[in-house]
Amino acid sequence: MIVKLILCLGYIFVSVSGKDASAPPGSVPMKLVNHAGSPIELFWVDIYTNIGELIKQTTKPLRNTTATHINSYDTHKFVVKFLDPKKTSTAEFVKGPKEEEIFVTLDPETNELKIIQKLKTSEIMEKINLATSLCQNLTGSEFSNCVANGIVEDVTRISDSKTTMTSYRDLMASRLRNYTCADETMNTTEPISSYQLLVDNKEYTIDVFLNMTTAKIWKVDNFISEEECGVLMEHGRSRLTRATVAAEDGSSVVSEHRKANQASYNLHKHNPETDPLWNLFQRVLGVTNYHAGFDLKPPGQE
């Protein structure tokens, strides 16, 4: 019999950022606004396969005074061209690491395309500075209320967007967790690293799947003996109840997508050293303390 012990510390959640829930992982949204007076097209400069090739990013030309949202990556280079081939002016820009607004304008003197890049936060800062300037002759609460009124619409919009994204995250996180349990075709995650650890004169292989300061996941094969399994099964057989999962608010709830049962095992209160699972208990603490850097002691620990 092969028995696996998986030790999990911390909490992992799935979040979605950007304007589009289908945005590629790691991508950053940007908004392209056309103020050039004529229709334009946006191209990504390929530096990976066909070096220098321009890959069109818009399905149709962007008309004057209209905008489009695109998800891209830091350091990606883009070229803007007029739709009209007679207008030969072009402009280039490089995507930054944060959400941006890209304004395409036309210099009336040179008749050349120009690019203005602004961080998403820059727009709000400009409104705060404007409100501060308009309210500078006021004092005390009148000044505070004046500035607040000047930016309340933007703050409300940001707050509403955050609430919406949080609801999407919570909904997707629950469905994703349930999907991973229901899909029998999913492959087991490959460990990011492995190492050998000697415990009670026996060498175990520790497979590491996640190693962060706030969350750690690792697995130990053949950690529990046949005899220890027998003790757990005999103890739990009459005590099994529906297993619960952690809800988004931290409470424990029953998931209809999961059919597992669970039971608890407590060591002898007065003489834990005589418990048949005392050695297993010690091994669990030993591996946990070594891998996670803890100093857990038997009294009061789960």
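Residues numbered from 1 in each chain as written. Predicted model: local features only at pLDDT ≥ 70, side-chain atom pairs only at ≥ 80, totals over all residues. Heavy atoms only, no water.

Draft legend 1. Quick peek at unusual backbone geometry. Even without being a glycine, T75 presents a positive backbone phi close to 80 degrees. Here T75 is to be found in the loop between β5 (67-72) and β6 (77-82). The phi torsion at N222 lies on the positive side, around 55 degrees, for a residue other than glycine. Its place among the elements puts N222 in the loop between β12 (216-221) and α3 (226-236). Residue classification places N222 among the partly exposed residues on the basis of a relative accessible area of 37%. (Helix = DSSP H or I, 4+ residues; strand = E, 2+ residues; numbered from the N terminus. Buried < 20%, exposed > 50% of the residue type's maximum accessible area, 1.4 Å probe, protein only.)

Draft legend 2. Examining the side chain of N289 more closely. With respect to the helices, strands and loops of the structure, N289 is situated in helix α4 (residues 278-292). When residues no more than four places from it in sequence are discounted, the contact partners of N289 are F294, D295 and L296. (Contact = heavy atoms within 4.5 Å.)

Draft legend 3. Focus on the side chain of S89. By secondary structure assignment, the location of S89 is in the loop between β6 and β7 (90-94). S89 sits in the buried class, given a relative accessible area of 8%. A polar contact of 2.9 Å, which involves the side chain of S89, links it to the side chain of E112. The residues touching S89, leaving out its near neighbours within four places in the chain, are V80, K81, F82, N111, E112 and L113. (Polar contact = N/O pair within 3.5 Å; in protein donor to acceptor, adjacent residues only side chain to side chain.)

Draft legend 4. Here's a closer look at the packing of aromatic side chains. With the rule as written, the count across this model stands at five aromatic pairs. For the ring pair F78 and F93, a centre distance of 5.3 Å and an interplane angle of 15 degrees mean the geometry is stacked. Separated by 15 residues along the polypeptide, F78 in strand β6 and F93 in strand β7 bring together distant segments of the chain. Note on W278 and F281: the rings are 5.9 Å apart at their centroids and 20 degrees apart in plane angle, and the pair reads as stacked. One end of the pair, W278, and the other, F281, are both in helix α4, three residues apart, so they sit about a helical turn from each other. Under the relative-accessibility criterion, F281 is labelled buried at 17%. In this structure, K81 packs its charged tip against the face of F43, placed 5.6 Å from the ring centre. (Phe/Tyr/Trp six-rings, centres within 6.5 Å; stacked < 30°, edge-to-face > 60°. Lys NZ or Arg CZ within 6 Å of the ring centre and 35° of its normal.)

Draft legend 5. View of the confidence of the model for the protein. With 88% of its residues at a pLDDT of at least 70, the protein reaches an overall mean of 83. Of all helices and strands in the protein, the one with the weakest mean pLDDT is strand β1 (residues 4-9) (38), whereas β6 scores best (96). Confidence drops under a pLDDT of 50 for residues 1-21, and excluding neighbours within four residues, the segment shows 54 contacts in the predicted structure. (pLDDT = per-residue confidence, 0-100.)

Draft legend 6. Up close: the environment of T288. If you trace the backbone, T288 turns up in helix α4. Owing to a relative accessible area of 8%, T288 belongs among the buried residues under this scheme.

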